[in-house]
Amino acid sequence: MRKLLITGGAGFIGNHVVRLFVNQYPDYSIFNLDALTYAGNLENLKDIEQASNYHFIKGDITNEAFIDRLFGEHQFDGVIHLAAESHVDRSISDPLAFVKTNILGTVNLLNSARKHWSNNYDGKLFYHISTDEVYGSLGDSGFFKETTSYDPQSPYSASKASSDHFVRAYANTYKLPVVISNCSNNYGPNQFPEKLLPLCIHNIRNNKPLPIYGKGDNIRDWLYVIDHARAIDKIFHHGKREETYNIGGFNEWKNLDIVELLCDIMDKKLGRQVGQSRTLITFVKDRAGHDKRYAIDASKIKEELGWEPSLQFEEGLEKTVDWYLNNQKWLDHVTSGDYQNYYQKQYQG
Ligand code: NAD
Ligand code: TYD
């Protein structure tokens, strides 16, 4: 029996990771620790909440005493750390929230792992989930490799870069067994509709403007969230200690192109005229310090661990649209209340 702590398991990527581990490893005990911020939602885990190897703990990773008690109580064998503030636009309006959760919260977890594992690191692992945004912004060519220097450009990416540095520093200084992965933009079911794709799906359905920052020529690499969860499983079980793995979809898109493709898919699904949803596209003020291009070289994880994306992008996007159209209640629920205030401030403020 292995005891595994997954932080941020009620969030977008976290719920898919929790589900994969709960279903695939019945002999593990999975503890999902989540503060249930605006981004965390236990509805995401309804299908597995009764599983005998799954346990939910509500708590905040920035609470030092609580985290220390938790590690003392449970003697975890491994940690997969996903809990974070994750949205760049929010980091621009409230950077300190990102410092607290992403840096302080990560250091709290590292300290407790170090303290409670110090006598015996055998079979222990602290797996830190990070982003390609720590590498900064690319021009028209080139890819982020594991050896690319860090050059974060937003408060979000600066906080994630800082947390990555702390994880490596704990490996170097205290010999804590760690592994880190840096992934590109995820898309798929259960993503909070403040991020580009679910926001546009929601707005297309409701015939609302689709806000495109600047000219829509920024480029991102997109990966289906369940393929990210599969990569995390591979790295957790087979990754080399102290190594970094870049994870990506080999799938670069300009923002405008991806939104147009989404419009066309949704026109078909909603029985609208060809081109109807594209008329909702609206160019708005650019994001401050908007990173131009992210592109991942994911050859290391492919060659060393035999992982690659399982879905073609169009297929993944259709599955995603289907999920949102079939889960209107989920969308209504998460877009009520605070979401309205956020949206008003971000797009009409
Ligand atoms: P998310 O915002 O959807 O979920 C974050 C989760 O963390 C939520 O459930 C939230 O309640 C929880 N949380 C936030 N603050 C907490 C705290 N102080 N204590 C405990 N729980 C807290 O984020 P996501 O998109 O699922 O991202 C998960 C991780 O993956 C993050 O570390 C993010 O940096 C990283 N990542 C995300 C992407 C992406 O495209 N979404 C890409 C690469 C890496
Ligand atoms: P986002 O989903 O916020 O992810 P990230 O900033 O982490 O890449 O944004 C993806 C891209 O879409 C990014 O270039 C910003 C852009 N974008 C818009 O054009 N309009 C929007 O309303 C949002 C949320 C994002």
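Notes on the structure follow. (Residues numbered from 1 in each chain as written. Chains lettered and ligands numbered in written order. Predicted model: local features only at pLDDT ≥ 70, side-chain atom pairs only at ≥ 80, totals over all residues. Heavy atoms only, no water.)

1. Topic: the overall build of the chain
Piece 1. In terms of regular secondary structure, the chain is built from 12 helices and 12 strands.
Piece 2. Here the chain has a C-alpha radius of gyration of 20 Å; the compact-globule value for 349 residues is 20 Å, and the two agree.
Piece 3. If one aligns the C-alpha atoms of the chain with their principal axes, the spans along those axes are about 65 × 45 × 40 Å.
Piece 4. In the chain, which comprises 349 residues, the proportion classed as buried is 56%.
Piece 5. Counted over contacts in the chain with a minimum sequence separation of 6, partners at least 24 positions apart contribute 83%.
Piece 6. When the accessible surface of the chain is split by element, carbon and sulfur atoms take 48% of a total near 15,000 Å².
Piece 7. A distance of 2 Å separates the average location of the 38 positive side-chain charges in the chain from that of its 44 negative side-chain charges. (Helix = DSSP H or I, 4+ residues; strand = E, 2+ residues; numbered from the N terminus. Rg over C-alpha atoms; globule rule 2.2 N^0.38 Å. Buried < 20%, exposed > 50% of the residue type's maximum accessible area, 1.4 Å probe, protein only. Contact = heavy atoms within 4.5 Å. Areas by Shrake-Rupley, 256 points an atom, 1.4 Å probe, with all protein chains shown as cover. Lys, Arg positive; Asp, Glu negative; His and termini not counted. Charge placed at Lys NZ, Arg CZ, Asp CG, Glu CD.)

2. Description of the site of ligand 2
Piece 1. Near ligand 2 there are 18 residues, and of these Glu133, Arg220, Arg287, His290 and Tyr347 occur at the shortest range.
Piece 2. Glu133 is positioned such that a nitrogen or oxygen atom in its side chain is 2.6 Å from an oxygen atom of ligand 2.
Piece 3. The side chain of Arg220 places a nitrogen or oxygen atom 2.8 Å from an oxygen atom of ligand 2.
Piece 4. Its residues assigned to classes, the shell around ligand 2 comprises 7 nonpolar, 5 polar and 6 charged. (Near = heavy atom within 4 Å. Polar contact = N/O pair within 3.5 Å; in protein donor to acceptor, adjacent residues only side chain to side chain. Nonpolar A, V, L, I, M, F, W, Y, C, P; charged D, E, K, R; others polar.)

3. So, the site of ligand 1
Piece 1. The immediate surroundings of ligand 1 are formed by 28 residues, with Ile13, Asp34, Ser86, Tyr156 and Lys160 found nearest.
Piece 2. Between ligand 1 and Gly11 there is a distance of 2.9 Å, counted from an oxygen atom to a backbone nitrogen or oxygen.
Piece 3. For the shell around ligand 1, the secondary structure elements donating two or more residues are α1 (12-24), β5 (125-131), α5 (155-174) and β7 (185-187).
Piece 4. Here the element with the most residues in the shell around ligand 1 is β5; it accounts for 3 residues.
Piece 5. Within the shell around ligand 1, the residues separate by chemical class into 13 nonpolar, 12 polar and 3 charged.

4. Overview of helix α7 (residues 225-238)
Piece 1. Given a rise of 1.5 Å per residue, 14 residues ought to cover 20 Å, and the 20 Å separating the end C-alpha atoms of α7 matches this to within 8%.
Piece 2. Within the span of α7, buried status applies to Val225, Asp227, His228, Ala229, Ala231, Ile232, Asp233, Ile235 and Phe236. (Expected span 1.5 Å × (residues − 1).)

5. Let's talk about the environment of Glu133
Piece 1. For Glu133, the location among the structural elements is in the loop between β5 and α5.
Piece 2. In sequence terms Glu133 and Asp151 are 18 residues apart; their C-alpha atoms lie 8.5 Å from each other.

6. Focus on the sheet that holds strand β6 (residues 178-183)
Piece 1. Pairing within the open sheet is parallel, and its 7 strands lie in the order β3-β2-β1-β4-β5-β6-β10. Each edge of the open sheet is held by one strand with a lone partner, namely β3 (54-58) and β10 (244-247). Each adjacent strand pair in this sheet contributes to an overall mean axis angle of 20°, direction not counted.
Piece 2. Packed onto the sheet, helix α4 (residues 95-117) meets β1 (2-7), β4 (78-81) and β5 and runs at close to 165° relative to β5. (Pairing = 2+ DSSP bridges. Axes fitted to C-alpha atoms, helices over the stretch in contact; angles between N-to-C directions.)

7. A closer look at the packing of α4 against α5
Piece 1. It is the contact of α4 with α5, at a shortest axis distance of 8 Å, that shows an interaxial angle of 15°. The pairing of α4 with α5 is recorded here as roughly parallel in orientation. The interaxial crossing formed by α4 with α5 has right-handed handedness. The segment α4 lies against α5, with Pro95, Phe98, Asn102, Ile103, Thr106, Val107, Leu110, Asn111 and Arg114 engaging Pro155, Tyr156, Ser159, Lys160, Ser162, Ser163, Phe166, Val167, Tyr170 and Tyr174. (Parallel < 35°, antiparallel > 145°, perpendicular 65-115°, else oblique. Left-handed = near helix turned anticlockwise from the far one by under 90°.)

8. Digging into the pairing of strand β9 (residues 219-224)
Piece 1. Across the 6 residues that make up β9, a large majority, 6, are buried.
Piece 2. Covered by surrounding structure in β9 are Ile219, Asp221 and Leu223 together with Arg220, Trp222 and Tyr224, the residues of both alternating faces.
Piece 3. Note: β7 against β9, 3 bridges, orientation parallel. Residue pairing in the sheet places Asn186 in a bridge with Leu223 of β9.
Piece 4. Note that β9 and strand β11 (residues 252-254) share 3 bridges and pair antiparallel. Among the inter-strand pairings, Asp221 is bridged to a residue of β11, identified as Glu252.

9. Some thoughts on the pattern of salt bridges
Oppositely charged side chains may form a pair once their charged atoms are brought near each other.
Piece 1. Scanning the model with the defined rule gives 17 salt bridges in all.
Piece 2. Its salt-bridge partner being Lys115, residue Asp68 comes within 3.0 Å of it at the nearest N-O pair. In this pair, Asp68 sits in helix α2 (residues 64-74) while Lys115 sits in helix α4, placing the two residues 47 residues apart along the sequence.
Piece 3. Close ionic contact of Arg287 with Asp89 constitutes a salt bridge, the shortest N to O distance being 2.7 Å. (Salt bridge = Lys/Arg side-chain N within 4 Å of Asp/Glu carboxyl O.)

10. Let's talk about the sheet that holds β9
Piece 1. Taken together, the 3 strands give an open sheet; going across it, the order is β7-β9-β11, and neighbouring strands pair in mixed fashion. Each edge of the open sheet carries a strand with a single partner, namely β7 and β11. With strand direction ignored, the average angle separating the axes of adjacent strands in the sheet is 50°.

Keep in mind that these numbers describe shape and distance, not what the molecule does.
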